[in-house]
Amino acid sequence: MLSIFLKPGRERPVLNGHPWVFSGAIERLEGDSESIGVVDVHDHKRSWLARGFYNPKSQIRARVLTWRKEEIDRDFFARRLSHALAFRRAHLDDSTNAYRIVNGEGDFLPGLTIDRYGGFLVCQFFTAGMAVFKNDIVDYLSRIDPVEGVFERSEGRIGDEEGLEPSVGVLSGQSPPDLIEIEENSFKFLVDIKRGQKTGFFLDQRDNRAFLSAIAQGQAVLNSFSYSGAFSVYAYGGRAKEVVTLDSSMHALELAEQSLQLNGFGDSPGEILKADAFSYLKEIEQKFDLIVLDPPSLAHRRGDAAPAAGGYKFLNLHALKHLTPGGVLLTFSCSQHVPLDLFQKIVFGAAIDAGRKVALIKRLGQPIDHPVSLHHPEGEYLKGLALRALD
Ligand code: SAH
């Protein structure tokens, strides 16, 4: 088996449970350095620390799977998967049939995400090592939780950084239909598993949508960066007076229109707008009682945090300017590289420039099916602030 030995002092994060070993922390390697298989991680004195996957093409050379001397085999994945699935089953009720079964590092399975959409699973294998166990993982899941089909969407930035070829298609069972109808808190949505953003739906916003619904009664709502309109459906569900649903993607808005109809809100007051949210927020005169600001990640790398801050500030500044007195802004950042304290500072700066006094009424984040390992704080990518404007 491949072994790596860390430079003196670089063992601390691994001992503390952080799953990533960067190339710069490695002093020496024994075994086949081109291997993508299992690796044992040692400190510089040759003491065994952990076991994980090695990838010579990635800056994150090793991703730790276990801090115990256990075999990384089919049974190992069976244990981790059953643990992850049991937790979701115990904590999500029948009103929701779309949720994340495996959330990478947060389920101690770095490089793996698995989402359930009704009768279908969507898997993403983001590391070369995890991809080796693809069949074992799919076989095991199909046995303990039979579904109509399993679809793979291993593509995008993380896979690119790992030097992985994109891999998209049916892994087992039937091919999913072009649109799947799912239920979330008893609301219905159409999900495009094959072509939609992420794995088809932003499952991570479930709790925050429920919060919006609870405060939407009688409110004029702007749902900007709406994607398939999920916040809009919840707003109408909470008896909002009117809802503007805005996104730059036509495909997303077509889904939004269909999802609104599916829930009986097709003729409700409001509009669906294809627009650039930055220009829209700057140019409109209209004011809203409730604004959702959920842009895509503006910082993809650590070095992007500073330029991203400008984007977040612009959006929040203009959103706050368009809030009625007493209005509420739900503002989000889904960038791993913009931590909560920085995000809050950016929004504070935006409030000052907008000339508004705002109070924090709730911090918003990831739901229980998107757990974050305390040893890997980078996993807490979604953060949000619910802010109420004084006057
Ligand atoms: N709130 C959504 C998820 C938002 S994802 C939900 O709950 O499902 C971010 C969305 O922003 C994507 O749908 C993307 O198409 C859209 N987007 C990206 N850039 C944009 C821009 N400049 N103006 C408007 N929408 C944009």
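The residue count restarts for each chain, going from 1 along the sequence in the order it is written. Where totals are concerned, whole chains, interfaces and linings use all residues; where local detail is concerned, this predicted model gives features only for residues with pLDDT of at least 70, and gives and counts side-chain atom pairs only at 80 or more. Heavy atoms throughout the structure, all of them, feed into the side-chain values; hydrogens and water do not.

Undergrad: Help me understand the site of the ligand in this model?
TA: Nearness is defined per residue: one heavy atom within 4 Å of the molecule or strand is enough. Around the ligand, 16 residues are found, and the nearest of them are Arg209, Asp247, Asp276, Ala277 and Asp294. Within the side chain of Gln197, one N or O atom sits 3.2 Å away from an oxygen atom of the ligand. Within the contact set of the ligand, a nitrogen atom lies 2.7 Å away from a side-chain nitrogen or oxygen of Asp276. Per-residue and other accessible areas were derived by the Shrake-Rupley procedure at a 1.4 Å probe size, with only the shown protein chains allowed to occlude residues. For the ligand, the accessible surface in isolation is 580 Å², of which the surrounding protein chains cover 89%. Lys, Arg, Asp and Glu make up the charged group, whereas Ala, Val, Leu, Ile, Met, Phe, Trp, Tyr, Cys and Pro make up the nonpolar group; the residues left over, Gly among them, are polar. Of the residues contributing to the shell around the ligand, the split by class is 8 nonpolar, 4 polar and 4 charged. Side-chain atoms alone can form a polar contact between residues adjacent in sequence; in general such a contact is a pair of N or O atoms within 3.5 Å, and within protein one must be able to donate a hydrogen while the other accepts it.

Undergrad: What exactly am I supposed to notice about the sheet that holds strand β10 (residues 149-154) here?
TA: Each strand in a sheet pairs with another by means of backbone hydrogen bonds, the pair being arranged parallel or else antiparallel. Pairing is mixed in the open sheet, where 5 strands are placed in the order β7-β8-β9-β10-β11. Of all strands in the sheet, those bounded by a partner on one side alone are β7 (98-103) and β11 (167-173). For this sheet, the mean angle separating the axes of adjacent strands, direction not counted, is 20°. For this analysis, residues touch if any pair of their heavy atoms sits within 4.5 Å. In this analysis, axes come from line fits to C-alpha atoms, helices being fitted only over the stretch in contact, and the angle between any two N-to-C directions falls in the range 0 to 180 degrees. Numbered from the N terminus, helices here are DSSP runs of H or I no shorter than four residues, and strands are runs of E no shorter than two. Along the sheet, helix α2 (residues 74-91) makes contact with β7 and β8 (112-117), crossing β7 at roughly 150°. For two strands to count as paired, DSSP must find a minimum of two bridges between them.

Undergrad: In this structure, what is going on with the pattern of salt bridges? I would like to understand it.
TA: Pairing between side chains of opposite charge can happen when the charged atoms of each approach one another. For this analysis, a salt bridge means a side-chain nitrogen from Lys or Arg found within 4 Å of a carboxyl oxygen belonging to Asp or Glu. For the structure shown, the criterion picks out 21 salt bridges. Among the salt bridges present, the one from Glu30 reaches Arg46, with a minimum N-O distance of 3.2 Å. Here the residue Glu30 occupies a position in strand β3 (residues 26-30), and Arg46 occupies one in the loop between β4 (38-42) and β5 (48-54), the gap between them amounting to 16 residues. Its relative accessible area of 33% is what places Glu30 among the partly exposed residues. Residue classification places Arg46 among the partly exposed positions, given a relative accessible area of 46%. Salt-bridge contacts for Arg209 lead to Glu184; the nearest nitrogen and oxygen are separated by 3.1 Å. Any residue under 20% of the maximum accessible area for its type is buried, any over 50% is exposed, and the rest in between are partly exposed; the area is computed with a 1.4 Å probe on protein chains only.

Undergrad: Any chance you could explain helix α7 (residues 230-237) here in plain terms?
TA: Residues spaced three or four apart along an α-helix face the same direction, because each turn holds 3.6 residues. Of all 8 residues that make up α7, 7 are buried, and the element is covered over most of its length. Turning to α7, its buried residues number three or more, namely Ala230, Phe231, Ser232, Val233, Tyr234, Ala235 and Tyr236. Arg239 sits one or two positions beyond α7 and adopts a positive phi of about 70°.

Undergrad: Looking at this model, I keep getting lost on the packing of aromatic side chains. Mind explaining?
TA: The description of two aromatic rings rests on the distance between their centres and on the angle between their planes. Ring pairs shown here join Phe, Tyr and Trp side chains whose ring centres sit within 6.5 Å, with only the six-membered ring taken for Trp; geometry is labelled stacked below 30 degrees between planes, edge-to-face above 60, and tilted in between. Under the criterion given, the structure shown has 14 aromatic pairs. Geometrically, the ring pair formed by Phe77 and Phe133 is tilted, given 4.8 Å between the ring centres and 40° between the ring planes. Note that Phe77 is positioned in helix α2 and Phe133 in the loop between α3 (128-132) and α4 (134-144), a separation of 56 residues in sequence. For the pair Phe77 and Phe133, a shared accessibility class is recorded, and that class is buried.

Undergrad: It is not clear to me how the packing of helix α10 (residues 305-321) against helix α11 (residues 340-354) should be interpreted in this structure. Could you clarify?
TA: What describes two packed helices is the angle between their axes and the distance between those same axes. Orientation of α10 relative to α11, taken along the N-to-C sense of each, is 45°, at an axis distance of 8 Å. The angle between the axes of α10 and α11 places the two elements in the oblique class. For α10 against α11, the interelement crossing comes out right-handed. Of the residues in α11, those touching α10 at Ala305, Ala309, Tyr312, Lys313, Asn316, Leu317, Leu320 and Lys321 are Leu342, Phe343, Ile346, Val347, Gly349, Ala350, Ala351, Asp353 and Ala354. Orientation categories follow fixed angle ranges, with anything under 35 degrees roughly parallel, anything over 145 roughly antiparallel, 65 to 115 roughly perpendicular, and all other angles oblique. Should the near helix be turned anticlockwise from the far one by less than a right angle, the crossing is termed left-handed; should it be turned clockwise, right-handed.

Undergrad: Would you take a moment to explain the packing of helix α6 (residues 206-214) against α7 for this structure?
TA: Two numbers describe how α6 lies on α7: the axes approach to 8 Å, and their chain directions differ by 35°. Taken as a pair, α6 and α7 cross one another with a handedness that is right-handed. Contact with α6, carried on its side by Arg206, Asn208, Arg209, Ala210, Leu212 and Ser213, involves Ala230, Phe231, Tyr234, Ala235 and Gly237 of α7 and no other residues of that element. Considered class by class, the residues forming the contact of α6 with α7 number 6 nonpolar, 3 polar and 2 charged.

Undergrad: For this particular structure, what's the right way to read α10?
TA: The end-to-end C-alpha distance of α10, which contains 17 residues, comes to 24 Å, matching closely the 24 Å that a straight helix rising 1.5 Å per residue would cover. For α10, the complete set of buried residues consists of Ala305, Ala308, Ala309, Gly311, Tyr312, Leu315, Asn316, Leu317, His318, Ala319 and Leu320. Of the surrounding secondary structure, the elements contacted by the buried residues of α10 are α9 (277-283), β17 (288-293), β18 (323-333), α11 and β19 (358-364). Helix span, as expected, comes to 1.5 Å for every residue beyond the first.

Undergrad: Sorry, what's going on with the environment of His337 here?
TA: Within the element layout of this structure, His337 appears in the loop between β18 and α11. As a C-alpha pair, His337 and Thr96 span 241 residues in sequence and 30 Å in three-dimensional space.

Undergrad: Any chance you could explain the layout of surface pockets here in plain terms?
TA: Once rolled over the atoms, a probe with the size of a water molecule shows which space is left empty. Points on a 1 Å grid over protein atoms alone make up a cavity when a 1.4 Å probe fits among them but cannot get out, and a pocket when they form an open set with protein on both sides within 12 Å along at least five of seven lines; lining residues each have an atom within 4 Å of a point. Grid points are joined across faces, edges and corners, and a volume is the space filled by probe spheres set on the points. In this structure, the second largest pocket spans a volume of roughly 210 Å³. Lining the second largest pocket, in full, are Gln344, Val347, Phe348, Ala351, Ile352, Gly355, Arg356, Lys357, Val358, Leu360, Leu385 and Leu387. The element best represented in the lining of the second largest pocket is α11, accounting for 5 residues. Its residues placed into classes, the lining of the second largest pocket shows 8 nonpolar, 2 polar and 2 charged.

Undergrad: What am I meant to see in the sheet that holds β19 here?
TA: Spatially, 7 strands are ordered β16-β15-β14-β17-β18-β20-β19 in an open sheet, and the strand pairing comes out mixed. Strand pairing shows two members of the sheet lacking a second neighbour, β16 (270-274) and β19, which therefore form its edges. Pairwise comparison of adjacent strand axes, ignoring direction, gives a mean angle of 15° for this sheet. Here strand β14 (residues 220-224) pairs with strand β15 (residues 242-247) via 5 bridges, running parallel. The residue of β15 that forms the bridge with Ser224 is Leu246. Packed onto the sheet, helix α8 (residues 250-262) meets β15 and β16 and runs at close to 160° relative to β16. Sheet strands touched by α10: β17, β18 and β19. Its angle to β18, the strand with the most contacts, is close to 160°.

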